[in-house]
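Chain by chain, the residues run as shown.
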There are 2 protein chains.
Amino acid sequence: MAVRVDLNISLDGFATTTDQTPENPFGEDWARLTKAYVSTRTFRQRVLHDTSGAGTTGVDDAYGKAYFENVGAEIMGAGMFGFHDNADDPGWSGWWGDEPPFHVPVFVLTHTAPRPPLELSGGTTFHFLSAPPREALDRALDVAGHQDVRIGGGPTVIRDFLTAGLVDRLHVAIVPILLGRGIRLWDGLRGFEAGYEVSAETAESGVVHVTFRR
Amino acid sequence: MAVRVDLNISLDGFATTTDQTPENPFGEDWARLTKAYVSTRTFRQRVLHDTSGAGTTGVDDAYGKAYFENVGAEIMGAGMFGFHDNADDPGWSGWWGDEPPFHVPVFVLTHTAPRPPLELSGGTTFHFLSAPPREALDRALDVAGHQDVRIGGGPTVIRDFLTAGLVDRLHVAIVPILLGRGIRLWDGLRGFEAGYEVSAETAESGVVHVTFRR
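Definitions and cut-offs
- Residues numbered from 1 in each chain as written.
- Chains lettered and ligands numbered in written order.
- Predicted model: local features only at pLDDT ≥ 70, side-chain atom pairs only at ≥ 80, totals over all residues.
- Heavy atoms only, no water.
- Helix = DSSP H or I, 4+ residues; strand = E, 2+ residues; numbered from the N terminus.
- Rg over C-alpha atoms; globule rule 2.2 N^0.38 Å.
- Buried < 20%, exposed > 50% of the residue type's maximum accessible area, 1.4 Å probe, protein only.
- Contact = heavy atoms within 4.5 Å.
- Areas by Shrake-Rupley, 256 points an atom, 1.4 Å probe, with all protein chains shown as cover.
- Lys, Arg positive; Asp, Glu negative; His and termini not counted.
- Charge placed at Lys NZ, Arg CZ, Asp CG, Glu CD.
- Salt bridge = Lys/Arg side-chain N within 4 Å of Asp/Glu carboxyl O.
- Pairing = 2+ DSSP bridges.
- Axes fitted to C-alpha atoms, helices over the stretch in contact; angles between N-to-C directions.
- Least-squares fit on C-alpha atoms with pLDDT ≥ 70 in both.
- 1 Å grid on protein atoms, 1.4 Å probe; cavity = no way out; pocket = protein on both sides within 12 Å on 5 of 7 lines; lining within 4 Å.
- Points joined across faces, edges and corners; volume = space filled by probe spheres on them.
- Nonpolar A, V, L, I, M, F, W, Y, C, P; charged D, E, K, R; others polar.
- Core = buried A, V, L, I, M, F, W, Y, C linked by side-chain atoms within 4.5 Å.

In the annotation of an unreviewed UniProt entry, the entry for chain A reads Dihydrofolate reductase family protein, and the organism field reads Gryllotalpicola kribbensis.

Put into structure tokens, the structure is as follows:
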């Protein structure tokens, strides 16, 4: 059982993008940042429900497969669930659709009013709580059994767990583009590498996969 | 003939370190940032004049060899020459010693009073000038003949040449440590990758070599 993080960042360390518009709600930068991952066969199967077998099958796909393996619970911030976009709508069920790709209990950290759990198809139940990282992690570990807990994002939530020393494995897919603005993953993490072994591997796409393990 | 940059940076993008003390003038971070490069056989031969054959001979060393090949002139900032430490001493000849590892004309960008060229052993002559990047580059290209011009550093000078669109090949050796402070190479370079091909290679040391070429 391990606490894991997987994240795409730009070469200059940004984990979020800033060019969203009403016409293009994800923005072009987000497409560039996630292109290699979204192109994998695993992403197409697991997230897009594309069973045609299309998609890349190289190094990026190996990391994509590992991403979905052995996860028993997930923790995410309110922004990743989608609260920030519809904060006032008590019926809003996030932007992950009717069958979210998690298939496990997901703990959503939010400071807004508590709401009952939200159960969707495919085994995903969202639980909402206002709690510090350690407490949220204990709740997730309780339900994860022998499986891992993933801290899903966004980057501010991930940094909270990293700086609290709660993460056993951090995998970053470094995409060779320079975004220049957004939220930096690495801020405030001076010396984080102490106590971790670091390995790196390059993918056919040009993405560099760096993994910290302890 | 190409304009080249080679630089060690931390995973969080810092090209300088901040833990220098009078007792440890380079600091421990600098040693960690340059460890893989300093350990190569090429660095030991070319910079330390160690002819014993000691040093690593893998991927880092291949980049070390390429670093010294086919360079006809170098451009560096006043800080890299060593002006900032002894600005008031007209006899100060920099911190590169009697036989600097350049062996070519070196153009030092400085806004302080001009001084005559400084010729040292082994073919290194320092020329001092106050000029914008394009003008300094033209002078360096004039003397480089068919060989390349390297923009040596520091990172602020390198950024000036990168943002001016004057660099044909940027090689960064990304060291898997998080420094958390210093001068960031990537600031202000949003979209730099446009017009370049990017490749990446991992070394036995854990360093990731990323190269932008056009």
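After that view of the structure, there is still more to cover.
A separate point is the overall build of chain A. Along its length, chain A carries six helices and nine strands. The C-alpha radius of gyration computed for chain A amounts to 17 Å, which stays within 12% of the reference 17 Å derived for 214 residues, consistent with globular compactness. For chain A, the C-alpha atoms occupy an extent of roughly 45 × 40 × 35 Å along the three principal directions. Put simply, chain A has 214 residues, and 51% of those count as buried. Nonlocal contacts in chain A, meaning residues at least 24 apart in sequence, comprise 63% of its contacts between residues at least 6 apart. For chain A, the exposed surface amounts to about 9900 Å²; the carbon and sulfur share of it is 52%. Taken together, the 18 basic and 28 acidic charged side chains of chain A have centroids lying 4 Å from each other.

At the junction of the two partners, chain A supplies 27 residues and chain B supplies 27 residues. Along the contact surface separating chain A from chain B lie six salt bridges. Residue contributions to the side of chain A that touches chain B peak at four residues, all from strand E8 (residues 197-202) of chain A.

This part takes up the environment of A:Ile151. All names here are of chain A. Within the fold, Ile151 resides in strand E6 (residues 148-153). Residues Ile151 and Leu170 lie 19 residues apart in sequence; the distance between their C-alpha atoms is 9.7 Å. Excluding residues within four positions of it along the chain, Ile151 makes contact with Val3, Arg4, Val5, Ile75, Val157, Ile158 and Phe161.

What follows is about the pattern of salt bridges. Taken as a whole, this structure holds 18 salt bridges over all chains when the rule is applied. Here B:Glu193 makes a salt bridge to A:Arg32, at a shortest N to O gap of 2.3 Å. Here B:Glu193 is found in the loop between strand E7 (169-175) and strand E8 (197-202), whereas its partner A:Arg32 is found in helix H1 (residues 27-38) on a different chain. For A:Asp168, the salt bridge is made with A:Arg214, and the minimal N-O distance between the two is 3.1 Å. Of this pair, A:Asp168 sits in the loop between helix H6 (155-163) and strand E7 (169-175) while A:Arg214 is found in the segment after strand E9 (208-213), placing the two residues 46 residues apart along the sequence. Linked through salt bridges whose partners overlap, the residues forming this network are A:Asp29, A:Arg32, B:Arg190 and B:Glu193.

Below, the discussion takes up the sheet that holds strand E6 (residues 148-153) of chain B. Residue and element names in this part refer to chain B. The strand order across the open sheet built from nine strands is E4-E5-E3-E2-E6-E1-E7-E9-E8, with neighbouring strands paired in mixed fashion. Where the open sheet ends on each side, the last strands, each with one partner, are strand E4 (118-119) and E8. The sheet contact formed by strand E1 (residues 3-10) and E6 spans two bridges and is parallel. Looking at E6, one finds that Arg4 is bridged to Arg150. Strands E1 and E7 of the sheet are contacted by helix H1 (residues 27-38), whose axis makes an angle of about 125° with E1. Across the face of the sheet, helix H5 (residues 133-144) comes into contact with E1, strand E2 (71-77), strand E3 (105-109), strand E5 (125-129) and E6 while running at roughly 155° to E2.

With that settled, consider the relation of the copies chain A and chain B. Rotating chain A by 180° and moving it 0.0 Å along the rotation axis overlays it on chain B with an RMSD of 0.0 Å. This pairing of chains is accounted for by a two-fold axis. A share of 100% of interface residues in chain A that are also interface residues in chain B marks the association as one of identical surfaces.

For the rest of this paragraph, the subject is empty space enclosed by the protein. Enumeration according to the criterion identifies three cavities of 30 Å³ or more in this entry. The space that makes up the largest cavity amounts to roughly 60 Å³. Considering the residues around the largest cavity, the lining is formed by A:Leu11, A:Ile174, A:Pro176, A:Gly206, A:Val208, A:Val210, B:Leu11, B:Ile174, B:Val208 and B:Val210. Elements with a contribution of two residues or more to the lining of the largest cavity: E9 of chain A together with strand E9 (208-213) of chain B. Per-class residue counts for the lining of the largest cavity are nine nonpolar, one polar and no charged.

On to the pairing of E7(A), then. Residues in a regular strand project their side chains so that they alternate between the two faces of the sheet. All names here are of chain A. Burial runs high along E7: six of the seven residues are buried. Two strands pair when backbone bridges link them, and strand E1 (residues 3-10) and E7 are joined in this way by seven bridges, in the parallel orientation. Counted as the bridge partner of Asn8 is Ala173 from E7. In terms of strand pairing, E7 meets E9 through six bridges, oriented antiparallel. Residue pairing across strands places Ala173 opposite His209, the latter belonging to E9.

One finds A:Ile75, A:Trp186, B:Ile75, B:Phe161 and B:Trp186 to be the most contacted residues of the largest nonpolar core, which totals 72 residues. Dropping the residues within four chain positions of it, A:Ile75 is found in contact with A:Phe107, A:Leu109, A:Ala136, A:Leu137, A:Ala140, A:Val149, A:Arg150, A:Ile151, A:Gly152, A:Gly153 and A:Phe161.

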